[in-house]
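Structural overview for review
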Amino acid sequence: MNPLRSALRMILGKRPPAMQVGAVCRDPRTAEILLITSRGTGRWIIPKGWPMAGRTLAQAAAQEAWEEAGVEGRMHEAEIGRYEYEKEQDSGFSVSVEVRVFLLEVDRLRHAFPESGERRRRWFAPVDAARLVAEPGLKRILHDLGRAAPPPARSGTEDGNRA
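Residues numbered from 1 in each chain as written. Predicted model: local features only at pLDDT ≥ 70, side-chain atom pairs only at ≥ 80, totals over all residues. Heavy atoms only, no water.

Attention now moves to the overall build of the protein. Counting its secondary structure elements, the protein contains four helices and seven strands. The buried share of the protein, reckoned over its 163 residues, is 44%. Carbon and sulfur atoms form 52% of the exposed surface of the protein, whose accessible area is close to 8700 Å². (Helix = DSSP H or I, 4+ residues; strand = E, 2+ residues; numbered from the N terminus. Buried < 20%, exposed > 50% of the residue type's maximum accessible area, 1.4 Å probe, protein only. Areas by Shrake-Rupley, 256 points an atom, 1.4 Å probe, with all protein chains shown as cover.)

Written out as structure tokens, the structure is:
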């Protein structure tokens, strides 16, 4: 968020957005991106969650990738971007959340993982992944990854016999 917008929020009495961490899970061989479905609405998202005590932001993002997508691999410590979204609360209200995004190069996909019964996962070319997610900032991050990567061998493949 830019400093002017942040200052304006403070003046008007609004809290700065809460922070989450997210993992863009990429197959290093094909450059495809793994998207998962959200538990509530079933829309396509990346694994994300709250920072964790005793872990760097990148390590927390890697943990979320394991829990939500069954992904193991090499997490880059450098942030690749940020985006905001409105997180629905149980009370019916929503809160603005800023997601700090990290790149995880996938080495292995497990079939059994903590949220395997609650989500679907699928591989997409970065441009297709960008088209499927709702958040404009995440669309930009995925689109930029697509420009920097070679074209994938296939797109839209299920879980996968990957890695």
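Anyway, onward from the coordinates.
So, on to the environment of E68. The topology assignment puts E68 in helix 2 (residues 57-69). Accessibility expressed as a relative area gives 6% for E68, which makes it buried. Along the chain, E68 and I36 lie 32 residues apart, while their C-alpha atoms are 7.7 Å from each other.

For the rest of this paragraph, the subject is the packing of aromatic side chains. Going through the model one piece at a time under the given rule, you end up with two aromatic pairs. A ring pair is formed by W44 and F124, whose centres lie 5.3 Å apart and whose planes are at 75°; its orientation type is edge-to-face. With W44 in strand 3 (residues 44-45) and F124 in strand 7 (residues 121-124), this pair connects stretches of sequence that are 80 residues apart. The pair formed by W44 and F124 is uniform in burial state, with each residue classed as buried. (Phe/Tyr/Trp six-rings, centres within 6.5 Å; stacked < 30°, edge-to-face > 60°.)

So, on to helix 2. With 13 residues, helix 2 extends 18 Å from end C-alpha to end C-alpha; this agrees with the ideal 18 Å at 1.5 Å per step. Buried positions along helix 2 lie against strand 1 (18-26), strand 2 (33-37), strand 4 (48-49), strand 5 (71-88), strand 6 (94-109) and strand 7. In the stretch just after helix 2, G70 is the one whose phi turns positive, near 70°. (Expected span 1.5 Å × (residues − 1). Contact = heavy atoms within 4.5 Å.)

Take helix 4 (residues 136-148) next. With 13 residues, helix 4 should cover 18 Å at 1.5 Å per step; its first-to-last C-alpha distance of 19 Å lies within 8% of that length. Among the residues of helix 4, those classed as buried are G137, L138, I141, L142 and L145. Burial along helix 4 is one-sided: seen end-on, the buried residues are contained in an arc of 135°. Relative to its buried face, helix 4 has exposed residues pointing more than 90 degrees away, namely P136, R140 and R147. (Arc of directions from axis to C-beta.)

Turning to the side chain of E105, a few remarks are in order. Within the secondary structure, E105 is located in strand 6. For E105, a relative accessible area of 8% puts it in the buried group.

This part covers the nonpolar core. Formed by 20 residues in total, the largest nonpolar core has its most connected members in V24, I33, L35, I46, Y83, V101 and L142. Here L35 is in contact with W44, I45, I46, R120, R121, R122, F124, A129, L132 and V133, once residues within four sequence places are set aside. In terms of nonpolar packing, the next biggest core, distinct from the first, is built from 18 residues, C25, A65, M75 and W123 among them. (Core = buried A, V, L, I, M, F, W, Y, C linked by side-chain atoms within 4.5 Å.)

A positive phi is found at A31, a non-glycine position, where the angle reads about 70°. As for its placement among the helices and strands, A31 is situated in the loop between strand 1 and strand 2.

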